Amino acid sequence: MHILKKILILLWRIWFYILMGVPIIIMFPLLLVFSSREEWYSQFFVVARFWAKIVLYGSGFVPRVTKEVAPDRKKSYMFVANHTSMTDIMLMLYAVKNPFVFVGKKELAKIPIFGFFYKRTCILVDRSSQRSRKEVFDRAQARLHTGTSICIFPEGGIPDDESVILDGFKDGAFRLAIDHQIPIVPLVFLDNKKRFSYTFFSGSPGIMRGRVLKEISTKGLTQDDKKEVKENVRTLIFNALKEDLIS
């Protein structure tokens, strides 16, 4: 039975990666056009959200997102969330209707098919390079000036130890939000680690819950307030995760 379970999980995970790639191949001409110019990014984003729903529902995940307050479609935000799974990308796209650009690690650009458009539309960072981190801020600032929101997973990566509830946060998201005086919207992904972690022979279809918390204003704040804002946001996400574990 143990071997059979592993075989089923293997086939299911292979199916997940097929679902990631096949819709992109089918929609390739459309995605290529919409990703060719920044002013067409909102159209690309609509297609990306459709792709995310295909992957989530097609893999047997049932997303359930609750919102304390719905973000204003006419405003730019800094969206931040805990990061434990590749499905965080899909659930973020599902949960948020405001067009946003991911700031993410450059390694994901190596994923076949997905990586091609990831590299064309996202802001990639090499965390080992000071120059790369500077370029990220320049590119993020340019996108914010066009009215596009930004999404950053502030842990900076997925902890190797899966028992870690929430890793420490990096400064980047909060520095950018304060620089541009845009609200920060924390999101909490409650089931993604359980549903599809980076431990290969694990996970299962099922409900995938997300919570969109109230926005946190940065109006009038300066970089001197960055640490306090960062810790406040982390505390909100950590408490929501911890409460869910206890309940």
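Visitor: Honestly, the overall build of the protein chain in this entry has me stumped. Any pointers?
Guide: Summing up its helical and strand segments, the protein chain has 9 helices and 7 strands in all. A compact globule built from 247 residues should have a C-alpha radius of gyration of about 18 Å, and the protein chain, at 18 Å, falls within 12% of that. Based on the C-alpha atoms only, the size of the protein chain along its principal axes is roughly 60 × 45 × 35 Å. When burial is assessed residue by residue, the protein chain has 47% of its 247 residues classed as buried. Within the protein chain, counting contacts between residues at least 6 apart in sequence, those at least 24 apart form 75% of the total. Accessible surface for the protein chain amounts to roughly 12500 Å². Of this, 59% is attributable to carbon and sulfur atoms. In the protein chain, the 37 positive side-chain charges and the 24 negative ones have mean positions that sit 6 Å from each other.

Visitor: Sorry if this is basic, but what is going on with the pairing of strand S2 (residues 78-81) here?
Guide: Sheet faces and side chains relate simply in a regular strand, where the side chains alternate between the two faces. Alternating positions in S2 separate into two faces, Met78 and Val80 on one and Phe79 and Ala81 on the other, with burial throughout. By the bridge criterion, 3 bridges tie S2 to strand S5 (residues 149-152) in an arrangement that is parallel. For Val80, the partnering residue across the bridge sits in S5 and is Ile152. Here 4 bridges tie S2 to strand S6 (residues 184-189), and the two strands are oriented parallel to one another. Paired with Met78 across the two strands is Ile184, which belongs to S6.

Visitor: How should I be thinking about the packing of aromatic side chains in this particular structure?
Guide: Note on aromatic pairs: each is described by the distance of the centres and the angle between the planes. Taken as a whole and assessed by the stated rule, the structure comprises 22 aromatic pairs. For the ring pair Phe45 and Phe100, a centre distance of 5.1 Å and an interplane angle of 70 degrees mean the geometry is edge-to-face. Of this pair, Phe45 sits in helix H3 (residues 41-58) while Phe100 is found in strand S3 (residues 100-105), placing the two residues 55 residues apart along the sequence. One exposure class covers both Phe45 and Phe100, and it is buried. Between Phe116 and Phe117, the ring centres sit 4.9 Å apart and the planes meet at 90 degrees, which makes this aromatic pair edge-to-face. Note on Phe117: relative accessible area 4%, which makes it buried. Sitting above the plane of the Trp40 ring, Arg37 keeps its charged end 4.9 Å from the centroid. Sitting above the plane of the Tyr41 ring, Arg143 keeps its charged end 5.0 Å from the centroid.

Visitor: Would you mind showing me how to read the pattern of salt bridges here?
Guide: It is possible for side chains of opposite charge to pair when their charged atoms get near one another. Per the counting criterion, the structure on display carries 9 salt bridges. Among the salt bridges present, the one from Lys230 reaches Asp171, with a minimum N-O distance of 2.7 Å. With Lys230 in helix H9 (residues 226-246) and Asp171 in the loop between S5 and helix H7 (172-179), the pair connects residues that are 59 residues apart, well separated along the chain. A relative accessible area of 32% means that Asp171 is categorised as partly exposed.

Calculation rules
Residues numbered from 1 in each chain as written. Predicted model: local features only at pLDDT ≥ 70, side-chain atom pairs only at ≥ 80, totals over all residues. Heavy atoms only, no water. Helix = DSSP H or I, 4+ residues; strand = E, 2+ residues; numbered from the N terminus. Rg over C-alpha atoms; globule rule 2.2 N^0.38 Å. Buried < 20%, exposed > 50% of the residue type's maximum accessible area, 1.4 Å probe, protein only. Contact = heavy atoms within 4.5 Å. Areas by Shrake-Rupley, 256 points an atom, 1.4 Å probe, with all protein chains shown as cover. Lys, Arg positive; Asp, Glu negative; His and termini not counted. Charge placed at Lys NZ, Arg CZ, Asp CG, Glu CD. Pairing = 2+ DSSP bridges. Phe/Tyr/Trp six-rings, centres within 6.5 Å; stacked < 30°, edge-to-face > 60°. Lys NZ or Arg CZ within 6 Å of the ring centre and 35° of its normal. Salt bridge = Lys/Arg side-chain N within 4 Å of Asp/Glu carboxyl O.

Any functional reading would require information that these geometric values do not contain.
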